Amino acid sequence: MYELLFWKYNDGVYLNHHEVYEALENQQQVDGLEELPITVILNRLHSVFSNWEKVDENSWKNSNGKGAFQVKTTTQSIQIDCYGTEGKTMNLLADTLEEFKCPLYDPQVPVRYDEINELD
């Protein structure tokens, strides 16, 4: 599994990314983060991945067998767990969340990509 996490800071707020990640992983509210339009974001993911098979309300798998992902949400974050997912699909997930000004935090590295062009 490869984990992707997205959140948005309030204007003028800049926190330790790894500490924010750990708090969000534990379903904690974090002062300084915006509440996200979760339903709107999920609807956008449904649209972007409409050619993927919906496993359940928050999980998709590629009909060609190249990967799957599951979305977990809090009011302040979107976590996407990727299973055998190609890099270009993970980039598309990151691009989609960037539409909502939610840059990717990659806990495996660990790096937060404050500008989406850093993923290119």
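Residues numbered from 1 in each chain as written. Predicted model: local features only at pLDDT ≥ 70, side-chain atom pairs only at ≥ 80, totals over all residues. Heavy atoms only, no water.

A. Structural context of the sheet that holds strand β2 (residues 53-56). Within the open sheet, the seven strands sit side by side as β2-β3-β4-β5-β1-β6-β7. Their pairing is antiparallel. Each edge of the open sheet carries a strand with a single partner, namely β2 and β7 (111-113). Within this sheet the neighbouring strands show an average axis-to-axis angle of 25°, counted without direction. The sheet contact formed by strand β1 (residues 2-7) and strand β5 (residues 77-83) spans six bridges and is antiparallel. When the bridges of β5 are listed, L5 appears paired with Q79. Docked against the sheet, helix α1 (residues 17-25) engages β1, β5, β6 (104-106) and β7, running at close to 100° with respect to β1. Its contacts with the sheet place helix α3 (residues 87-98) against β1, β4 (68-73), β5 and β6, and it is angled at close to 10° to β1. (Pairing = 2+ DSSP bridges. Helix = DSSP H or I, 4+ residues; strand = E, 2+ residues; numbered from the N terminus. Axes fitted to C-alpha atoms, helices over the stretch in contact; angles between N-to-C directions. Contact = heavy atoms within 4.5 Å.)

B. Broad picture of the pairing of β2. In this structure, β2 lies alongside strand β3 (residues 59-61), joined through three bridges in antiparallel fashion. Within the sheet, the bridge partner assigned to E53 lies in β3 and is K61. Between β2 and the antiparallel strand that follows it, β3, lie two residues.

C. Structural detail: helix α2 (residues 38-48). If you check which residues of α2 are buried, you get I38, I41, L42 and L45. All buried residues of α2 lie within an arc of 100° about the axis, which places them on one face of the element. Buried-residue contacts for α2 involve β3, β4, β5 and α3. (Buried < 20%, exposed > 50% of the residue type's maximum accessible area, 1.4 Å probe, protein only. Arc of directions from axis to C-beta.)

D. Region of interest: the side chain of S59. Inspection of the secondary structure assignment puts S59 in strand β3. Judged by relative accessible area, S59 falls into the buried class, the value being 8%.

Bear in mind that shape data such as this cannot, by itself, settle questions of function.
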